[in-house]
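Coordinate inspection notes
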Amino acid sequence: MRRRAALVVALITAMVGASAGSAGAAPKSSYAFLHPGGQPRLAEKVPVNVVFLGYRPSQVGKAAFLSGLPRAYEPVVRSRLAYGLTEKLGIRYTYDYRVTYANRSYEDKFFQRLSGLATPAPLTAFQTAYNEQAKNVKDITSNNFIDAPSVEKWLATHPPAGVDTRRNTVFFINWYGRSDFKFHVYTKIGEPDPDTGYDFGKERASRKIIAWGGTTADDEETGLGSTRRVWFHDLSAGPESWTSNFDVDNPDLDGDGVVDYRMPPTWEYTAGGFRSPAALAGDLSLITRYVALNLLMTTSPLYPVELPAAEPPKSINIDSNTYEGWPGVDASRQYVKPELVVDELAELRWRNRLDFDSQDLPYDAKAQECYTGVLTDESCYPDSGYPAFANLYLYNWANLDRTRDDQGRVDYELPVFNYAVDAGVGVPALGFADDNYVDGTQTGVFCFISPEVVESGYGLSTTQIHEVGHHLGMSHPHDGYDSETGVDYGPEGEFLFANAGDESNSMMSYIDVNWDFSQFDRDNSDRFLTAAYYEAANRLAADLLGSSGASKARGGLRAADVLLGLAVKAFARHDYRAAYAFAEGAYLQVVAAAKRAGVDAAGPAKAMAAEADAARRTGAAVHEPHEFIDTLAPDSPRSQP
């Protein structure tokens, strides 16, 4: 598809160029797809298959299930929301729901397969904790481990008749109630942290799960072999740690006075149980809407995917800078795998040229003051008006020139700062992708390591991949945006169940059993970048048409219009890779036309940067930190045993 799209771009360019006519002819003032100065107009009718496996219509009524689902979704840039800005991408999804109740023959085959994969295992700590609840309706008497990737693969390649798993598909599984039922949890093992060798999936009870999916065709460990878009969720598994559904005694788990909503095991949907049987359809609808759709399949980007550069960059350098404050340890050498970082990110940004370089920075008195100030809530720039959490951003931006060693060689140097500190010093997080505290534009990536972090199982490589993923626009699969209500939410209170999204094959999850971007991540990134190039073409076209050289742009703008038409059509037929390639080709046509017209292709980006800088200088409010901080706090899911 990549080669085909490139050939089409070249052919259209040649054809339009040949028919462009006189350079002095007036440029076309309206186009079918190019909208100078306007937003993209990308629409997709998204097929969503929902398969109930072991649930009867009498348990989960179709009308009740569908009544809680959205009709449409428009992605926004989530980082802007904290600043009161709603920045839409110019994408509109409408959903085409297709509900299937598997027949008895299919269920028999599936549960026979599930039984064959089951390996007897001790009860997990969280199954034991469930048994100790005062209000649980039954005790877990045995347990089995079932390999989650094997189940995903079977479902992806053996769907019920009429279900196309190349399109987004949710399988809701309920084994409970059958004579062959076995208590079970799913596992994902064999992908340890590349720097420490610690296998979270094997060693931690908290990483025994009830859902899984999103694996790509070419995943190095558990690839499906062909592109599928499957996620399964099984309430007859567990109970488990990740969604806290082992606790059926305490409505409010964190003591903040708000009920922490979660979906209990299937057998708890009963008279006298944790939830009424009538609530089951609504609960599975909530999981579909607020997890499968909003957090996995059709998401919103955390940051602008176009990146803060003069033009959308083709080449990106991961510029890794390490403050070596851990005596006797060369953290940049011991705990970073540059090739892995580049390889994983390249699977997400497949049309960019990525490379990596590394240098150590002096951990001098000012660097230490700013670092420890984050831990003690003391600003190292007290006159700046910025909160103490911004210390690392302010210090490194004041000294950014010393890291800029690739200017002229690459289009964008992506700044990564690693802090390696000694035992007992403390770290503020595993990492975070910072913004500028003014308008939600991404700035630097910060990663942390210490003896305690390593003891917890983590190096720096996977933190870098995850945080750079944020910088490139990716959100977690446990927090996101609901378009119809305008709510940005995370896994707490009424949305605690959103933690289920982490149980997917995504580098952006917290579950730490895999280090790849999911098929859903790839799809969303390609969609976002299609919109980004489309908007960049529109902005530059507006500058071009307002210039004295506009008459020289006729052929280029016509070519861009045709290519954007192809992008729109590819997008609508779910061919996101082709849509991205066509949109990029359209932008390059406008750039070429701008050069012929004597217009600066970086003009729109420079104007936006100047406006933002002027706003900062004229007293724009500096916001408190709101970053999605990837923490190892004792109460975080990642810290559970």
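Residues numbered from 1 in each chain as written. Predicted model: local features only at pLDDT ≥ 70, side-chain atom pairs only at ≥ 80, totals over all residues. Heavy atoms only, no water.

Quick notes on the overall build of the chain
Stated precisely, the cut-off is as follows: A helix here means a DSSP run of H or I that spans at least four residues, while a strand means a run of E at least two residues long, and both kinds are numbered starting from the N terminus. What the globule rule says is 2.2 Å times the number of residues to the power 0.38, and the radius of gyration is computed from C-alpha atoms. Per-residue accessibility, obtained with a 1.4 Å probe over protein chains only, is compared with the maximum for each type, and a residue is labelled buried under 20%, exposed over 50%, and partly exposed between these values.
Looking only at helices and strands, one finds 18 helices and 16 strands in the chain. In summary, the chain has a C-alpha radius of gyration of 26 Å against a globular reference of 26 Å for 641 residues, a match within 12%. Structurally, the chain occupies a C-alpha span of about 80 × 60 × 40 Å along its principal axes. Across the 641 residues in the chain, those meeting the buried criterion constitute 59%.

Examining the environment of asparagine 538
Note the following rule: Pairs of residues are marked as contacts when any of their non-hydrogen atoms sit within 4.5 Å. Counting of polar contacts relies on pairs of N or O atoms within 3.5 Å, with two restrictions inside protein: one atom must be capable of donating a hydrogen and the other of accepting it, and residues adjacent in sequence are counted only when both atoms are side-chain atoms.
Here asparagine 538 lies in helix α15 (residues 519-545). Assessed through its relative accessible area of 0%, asparagine 538 is described here as buried. Placed 100 residues apart in sequence, asparagine 538 and valine 438 show a C-alpha to C-alpha distance of 26 Å. If we skip the residues at most four places from it in the chain, asparagine 538 touches Leu34, His35, Pro36, Gly37, Gly38, Gln39 and Pro40. Among the polar contacts listed, one links the side chain of asparagine 538 to the backbone oxygen of glutamine 39, at a separation of 3.4 Å.

Some remarks on helix α6 (residues 148-157)
Counted residue by residue, α6 has seven buried out of ten residues, so it is predominantly covered. Those residues of α6 lying buried are Ala148, Pro149, Val151, Glu152, Trp154, Leu155 and Ala156.

Regarding a negative patch on the surface
Our working rule: By definition, no residue in a patch forms a salt bridge, and every one has over 30% relative accessible area; like charges are joined within 9 Å, nonpolar side chains (Val, Leu, Ile, Met, Phe, Trp, Tyr) within 5 Å. Under the convention used here, a 1.4 Å probe and the Shrake-Rupley method define accessible areas, while residue burial counts only the protein chains that appear. Just to be clear on terms, a salt bridge is a Lys or Arg side-chain nitrogen sitting within 4 Å of an Asp or Glu carboxyl oxygen. Positive charge is attributed to Lys and Arg, negative charge to Asp and Glu, and no charge count is given to His or to the chain ends. One atom stands in for each charge, and that atom is NZ of Lys, CZ of Arg, CG of Asp or CD of Glu.
On the surface, Glu220, Glu221, Glu339 and Asp343 cluster together into a negatively charged patch. Relative to the helices and strands, aspartate 343 is located in helix α10 (residues 338-348). Relative accessible area serves as the criterion here: at 40%, aspartate 343 is assigned to the partly exposed category.

Concerning the pattern of salt bridges
As a working rule, side chains carrying opposite charge can pair if their charged atoms are close by. Applying the stated rule across the entire model yields 30 salt bridges. In this structure, aspartate 523 and arginine 229 form a salt bridge, with 2.5 Å as the shortest nitrogen-oxygen distance. Pair noted here: aspartate 523 is in helix α15 and arginine 229 is in the loop between β8 (211-213) and β9 (230-234), with a separation of 294 residues, a long-range link. Here aspartate 523 matches arginine 229 in class, with each residue buried. Ionic pairing is found between aspartate 355 and arginine 409, a salt bridge with its closest N-O pair at 2.6 Å. Pair noted here: aspartate 355 is in strand β11 (residues 353-361) and arginine 409 is in the loop between α12 (391-398) and β12 (412-421), with a separation of 54 residues, a long-range link. Since its relative accessible area comes to 47%, arginine 409 is described here as partly exposed.

Describing the sheet that holds strand β5 (residues 144-147)
Put simply, the rule reads: Strand pairing is assigned whenever DSSP detects at least two bridges linking the two strands.
Spatial strand order, β4-β5-β7: three strands in an open sheet with mixed pairing. A strand with exactly one partner marks an edge of an open sheet, and here the two such strands are β4 (119-120) and β7 (185-187). Relative to β7, β5 runs parallel, the two being bridged by three bridges. Directly across from isoleucine 146, in β7, lies its bridge partner tyrosine 186.

Some words on the packing of helix α4 (residues 104-117) against α6
To be explicit about the condition: For helices, the fitted line uses only the C-alpha atoms of the stretch in contact; every axis is such a line through C-alpha atoms, and the angle between N-to-C directions lies from 0 to 180 degrees. Here the angle decides the label: under 35 degrees means roughly parallel, over 145 means roughly antiparallel, 65 to 115 means roughly perpendicular, and every other value means oblique. Take the far helix as the reference: if the near one is turned anticlockwise from it by less than a right angle, the crossing is left-handed, and if turned clockwise, right-handed.
Across the interface, α4 lies against α6 with an axial gap of 11 Å and an inter-helix angle of 155°. In terms of orientation, α4 and α6 fall into the roughly antiparallel class. Crossing geometry of α4 relative to α6 is assigned as right-handed. Contact residues: α4 offers Tyr106, Lys109, Phe110, Arg113, Leu114 and Leu117, while α6 offers Ser150, Val151, Trp154 and Leu155.

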